[in-house]
Amino acid sequence: MKNTVELIYNGIKQNLSVLSILIVVTIYLFVAKNEYCNSEKKINVITWDGYGYYVYLPAIFIYKDIKEYKFVETHLKKYHFSDALYQIRTKDGITFPIYNIGLSVLWLPFFLIAHAFCKLSDYYTADGMSAPYQIAIIFASFFYLILGLSYLRRFLLLYINEAKTAIVIIAITLGTNYFYYFNFGKELTHIYLFSLYAVYLYYIKQYFSGFKRKSLILFSIVAGLMILIRTSEIIAFILPLVYKINTNRFDEKIKIKNKVLFYLIFFSSVVFLIQILYYKTGTGRFYIDGYYDHHFNFSHPNIVKFFFSYERGFFVYTPIMLIAVLGIYYMRYKHQDWMFAVLLFFIFNFYILCSWDDWKYGSTFGSRPVVQMYAILALPLGIVITFFWKKKLSWIISIIILLAIFLNLFQTYQFNKGIIPSFGSNKTYYWHSFFACKVNVHDKVLLELDQKYTLKNQQHYTVFNLENERHIYNKKHPEYLEYYDFLNYNIDAKEVNLYSDKWLEYKLTHSYYGDSYSEWNSINLITEIDNNDKVIYWSRVRLPYIIDKKDRDSITFFQKLPKFSSPSVIKVYITNNCDDSSIIHNLKVYRLK
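Residues numbered from 1 in each chain as written. Predicted model: local features only at pLDDT ≥ 70, side-chain atom pairs only at ≥ 80, totals over all residues. Heavy atoms only, no water.

Caption draft 1: Examining the overall build of the protein more closely. Broken down by element type, the protein carries 23 helices and 11 strands. Scored against the burial criterion, the 593 residues of the protein give a buried share of 53%. In the structure as shown, the protein presents an accessible area of about 28,300 Å², 59% of it carried by carbon and sulfur atoms. Here the protein contributes 63 positively and 44 negatively charged side chains, and the mean placements of these two sets differ by 13 Å. (Helix = DSSP H or I, 4+ residues; strand = E, 2+ residues; numbered from the N terminus. Buried < 20%, exposed > 50% of the residue type's maximum accessible area, 1.4 Å probe, protein only. Areas by Shrake-Rupley, 256 points an atom, 1.4 Å probe, with all protein chains shown as cover. Lys, Arg positive; Asp, Glu negative; His and termini not counted. Charge placed at Lys NZ, Arg CZ, Asp CG, Glu CD.)

What follows is the structure in structure tokens.
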């Protein structure tokens, strides 16, 4: 019995990294069961951007329509995969998908199996969007999950031991927003690119260890697939071209790197021909830029916001990656052959990401476009963990990783419940709702003003009190107004110190009718300060975002005015640029002292 227990213990100890993958897959399967195996909930994986990556498959294999995409309107009406049809665009008389074909290539085998099943089934429609096609994407995600983690494991074991490899795999899959994008973003590119980067790294190492052509061809093809998914992944060329740049003689390095560059360009071009030929067949052009209304601004990258903003900040929502970045420094002492490759990739990749005009990358949890980079940061993360272990400080790094996992899983829960808003947060709201387990709609006024009133026992002085309720009409009403004035208060030299740099308290009771509002179009309560006919302060509270009960709701909130001089005018008014309406039953504004 004792020998059996020892054998089992040694077997587990020698295969901890395999066990970690099994644990991750089991957890992810459990999440998938809860997410998709609900008889009352329709399986709907291919949504939003995901439909744009997927649309190639039904266009080619079902509808034989790669020029007009007439079927997408039917898909939208039947499956409601997004609020609007933005995944297909028409420009200069040419209709085309805005995203690359790469994910469709990865999904192809699973799509064909689902399509064959639907063709043989009397229950499911072979239209490209019925349940079997949705399930096919789920199966595809798990296939590439196992593929990616298996190759990441093989790569890491070349540098760190079983236990540290297992910790890295657990830390990345549970302690970063990879967890969110695998479980709730299977239709997006990031988890697939993560897996491809893991394969890519492994075969780069294999090639430079034995200079076998097979490995060179394989990682060159993988590079092509990544570029086929996202053209900007051409930056992956840096890794093999800079790998081991600090070793070997200069003439040998030039010869080897030239060969690597040739293979990368050749095989990546061959793979990318899929996109070129598709565009040529469907549009008559060899290439079309689906992002023609977006651009890079390399002269003004949003570096600070990208890393530290409460809206999407990389390190704010994935703090464990601070350890991984620190690991790049420690690579100078060990595994130096990867240090410059990882460092240069990190610098250039983030420079590109920070320079995109929409640096937030849509409604996302944390920073979405960095997820694939976790495969590259896995090694420096493992190096830091190993360093702490050797210094007998394993308990410190263990606590840090456990806290990171808890934070990530809890904030994923908060994001899915709407506590962390999809359109971004700010410092005030982030810390106010840090431990919140349910949504408090009234708290979202902090998102509008980014101010929190903490003083107590302040005296109240009435500035405005609405005597009769007012109707805020929608655009179709004959009495509609764009602006509804409530307060217009002149501040002279005697009163300026009573308002400058002071708090106002608002007590609002209102009803709201309609749901046509959006982030940019809604009914707004505006506070404005004019000084010498110049607007020096302007704030907005979007009423539909802070109302809990639409039939009638009351809220109290505070706003601190900036410093200003006299003569000035404080204005409070309501604007309506949507098709909704409201009734303001009561509005009181107090000056606090």
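Caption draft 2: View of the pattern of salt bridges. Summed over all chains, the structure comprises 12 salt bridges. Between Lys360 and Glu311 there is a salt bridge, and its shortest N-O distance comes to 3.3 Å. Highlighted residues: Lys360 in the loop between helix H17 (336-355) and helix H18 (374-390) and Glu311 in the loop between helix H14 (303-308) and helix H15 (314-317), separated in sequence by 49 residues. Given the relative accessible area of 24%, Lys360 is considered partly exposed. (Salt bridge = Lys/Arg side-chain N within 4 Å of Asp/Glu carboxyl O.)

Caption draft 3: Representation of a nonpolar patch on the surface. Together, Ile12, Val18, Leu19, Leu22 and Ile23 make up a nonpolar patch on the protein surface, roughly 380 Å² of accessible area in all. For the nonpolar patch, the leading source of residues is helix H2 (residues 16-36), giving 4 residues. With respect to the helices, strands and loops of the structure, Ile23 is situated in helix H2. Take Ile23: its relative accessible area is 37%, and that puts it in the partly exposed class. (Patch = residues over 30% accessible without salt bridge, like charges linked within 9 Å, V, L, I, M, F, W, Y side chains within 5 Å.)

Caption draft 4: A look at the sheet that holds strand S7 (residues 523-531). If you walk across this open sheet you meet the 4 strands as S5-S10-S7-S8, and the pairing is antiparallel. This sheet does not close on itself; its edge strands, each paired only once, are strand S5 (483-491) and strand S8 (534-542). Between one strand axis and the next, the sheet turns by 15° as a mean value, whatever way the strands run. Where S5 lies against strand S10 (residues 568-576), 8 bridges are found, and the strand directions are antiparallel. The residue bridging Tyr489 from the neighbouring strand is Ile570, located in S10. (Pairing = 2+ DSSP bridges. Axes fitted to C-alpha atoms, helices over the stretch in contact; angles between N-to-C directions.)

Caption draft 5: Highlighting the environment of Gly514. As for its placement among the helices and strands, Gly514 is situated in the loop between strand S6 (503-513) and S7. Sequence spacing of Gly514 and Leu57 is 457 residues, and the spatial spacing of their C-alpha atoms is 38 Å. If we skip the residues at most four places from it in the chain, Gly514 touches Lys550 and Asp580. (Contact = heavy atoms within 4.5 Å.)

Caption draft 6: Structural detail: the side chain of Lys164. Tracing the backbone through its elements, the reader meets Lys164 in helix H8 (residues 162-175). Glu162 is the oppositely charged side chain nearest to the buried, salt-bridge-free Lys164, at an N-O distance of 11 Å.

Caption draft 7: Summary view of the side chain of Lys444. Along the polypeptide, Lys444 turns up in the loop between helix H20 (427-432) and helix H21 (445-449). Setting aside residues up to four positions removed in sequence, Lys444 forms contacts with Gly418, Tyr429, Val439, Tyr545 and Ile546.

Caption draft 8: Local environment of the packing of H8 against H18. Between H8 and H18, the least distance of the axes is 9 Å, while the angle of their chain directions is 130°. Looking at the two axes, H8 sits oblique to H18. As for the relative orientation of H8 and H18, their crossing is right-handed in sense. Judged by residue contacts, Lys164, Ile167, Val168, Ala171 and Ile172 of H8 engage Tyr374, Ala378, Leu381, Gly382, Ile385, Thr386 and Trp389 from H18. Of the residues belonging to the contact of H8 with H18, the class tally is 9 nonpolar, 2 polar and 1 charged. (Parallel < 35°, antiparallel > 145°, perpendicular 65-115°, else oblique. Left-handed = near helix turned anticlockwise from the far one by under 90°. Nonpolar A, V, L, I, M, F, W, Y, C, P; charged D, E, K, R; others polar.)

Caption draft 9: The packing of helix H7 (residues 131-156) against helix H10 (residues 190-210), seen in detail. Where H7 contacts H10, the axes come no closer than 8 Å and their chain directions differ by 30°. By the angle between their directions, the pair H7 and H10 is classed as roughly parallel. Of the two possible hands of crossing, H7 and H10 adopt the one that is left-handed. Contacts from Ile137, Ala140, Ser141, Tyr144, Leu145, Leu147, Gly148, Leu149, Tyr151, Leu152, Arg154 and Phe155 in H7 reach Ile191, Tyr192, Phe194, Ser195, Ala198, Val199, Leu201, Tyr202, Tyr203 and Lys205 in H10.

Caption draft 10: Fine view of the packing of aromatic side chains. Taken as a whole and judged by the stated rule, the model has 89 aromatic pairs. Both rings, one in Tyr317 and one in Phe365, keep their centres 6.1 Å apart while their planes meet at 70°; by these two values the pair is edge-to-face. Taken together, the residues Tyr317 in helix H15 and Phe365 in the loop between H17 and H18 connect sequence positions 48 residues apart. By relative accessible area, Tyr317 is classed as buried at 3%. An aromatic cluster is built from Phe155, Tyr159, Tyr197, Tyr200, Tyr207, Phe208, Phe211, Phe219, Tyr243, Trp338 and Phe345, whose rings are joined through pairwise contacts. It is Arg470 that lies over the ring of Phe486; its NZ or CZ is 4.7 Å from the centre. Of note, Arg542 hangs over the ring of Phe423, and the distance from its end group to the ring centre comes to 5.4 Å. (Phe/Tyr/Trp six-rings, centres within 6.5 Å; stacked < 30°, edge-to-face > 60°. Lys NZ or Arg CZ within 6 Å of the ring centre and 35° of its normal.)

Caption draft 11: Looking closely at helix H11 (residues 213-229). The end-to-end C-alpha distance of H11 is 25 Å, a good match for the 24 Å that 17 residues give at a rise of 1.5 Å each. Most of H11 sits out of view: 12 of its 17 residues are buried. Listed as buried for H11 are Ser215, Leu216, Phe219, Ser220, Val222, Ala223, Gly224, Leu225, Met226, Ile227, Leu228 and Ile229. (Expected span 1.5 Å × (residues − 1).)

Caption draft 12: Here's a closer look at H18. An ideal rise of 1.5 Å per residue puts 24 Å on 17 residues; H18 measures up with 24 Å between its terminal C-alpha atoms. For H18, a buried count of 14 out of 17 residues is recorded, marking the element as mostly surrounded by other parts of the structure. Immediately beyond the C-terminal end of H18, within one or two residues, lies Lys392, with a positive phi of roughly 60°.

Caption draft 13: Fine view of the nonpolar core. Counting 155 residues, the largest nonpolar core has Tyr197, Tyr200, Phe306 and Trp338 as its most contacted members. In contact with Tyr200, other than residues within four places in its own chain, are Phe219, Val222, Ala223, Met226, Ala236, Phe237, Leu239, Pro240 and Leu264. (Core = buried A, V, L, I, M, F, W, Y, C linked by side-chain atoms within 4.5 Å.)

Caption draft 14: Up close: the pairing of strand S1 (residues 88-91). In terms of strand pairing, S1 meets strand S2 (residues 94-97) through 4 bridges, oriented antiparallel. Pairing of Thr90 across the sheet is with Thr95, part of S2. Hairpin connection from S1 to S2: 2 residues lie between these consecutive antiparallel strands, with Asp92 at a positive phi of about 55°.

Caption draft 15: Local environment of the environment of Pro319. Within the element layout of this structure, Pro319 appears in the loop between H15 and helix H16 (321-330). C-alpha separation for the pair Pro319 and Ile555, spaced 236 residues apart in sequence, amounts to 35 Å.

Caption draft 16: Region of the structure containing the environment of Tyr63. Considering the arrangement of structural elements, one finds Tyr63 in the loop between helix H4 (56-61) and helix H5 (71-79). Considering only alpha carbons, one finds Tyr63 and Asp127, 64 residues apart in sequence, at a separation of 8.5 Å.

Caption draft 17: Region of interest: unusual backbone geometry. The residue after Ser566, namely Pro567, is reached through a cis peptide bond having omega -5°. Here Pro567 is to be found in the loop between strand S9 (553-560) and S10. Backbone geometry places Lys244, a non-glycine residue, at a positive phi of 60°. Relative to the helices and strands, Lys244 resides in the loop between helix H12 (238-242) and helix H13 (250-283). Positive phi values are uncommon outside glycine, yet Tyr361 reaches one of about 55°. Looking at the secondary structure, you find Tyr361 in the loop between H17 and H18.

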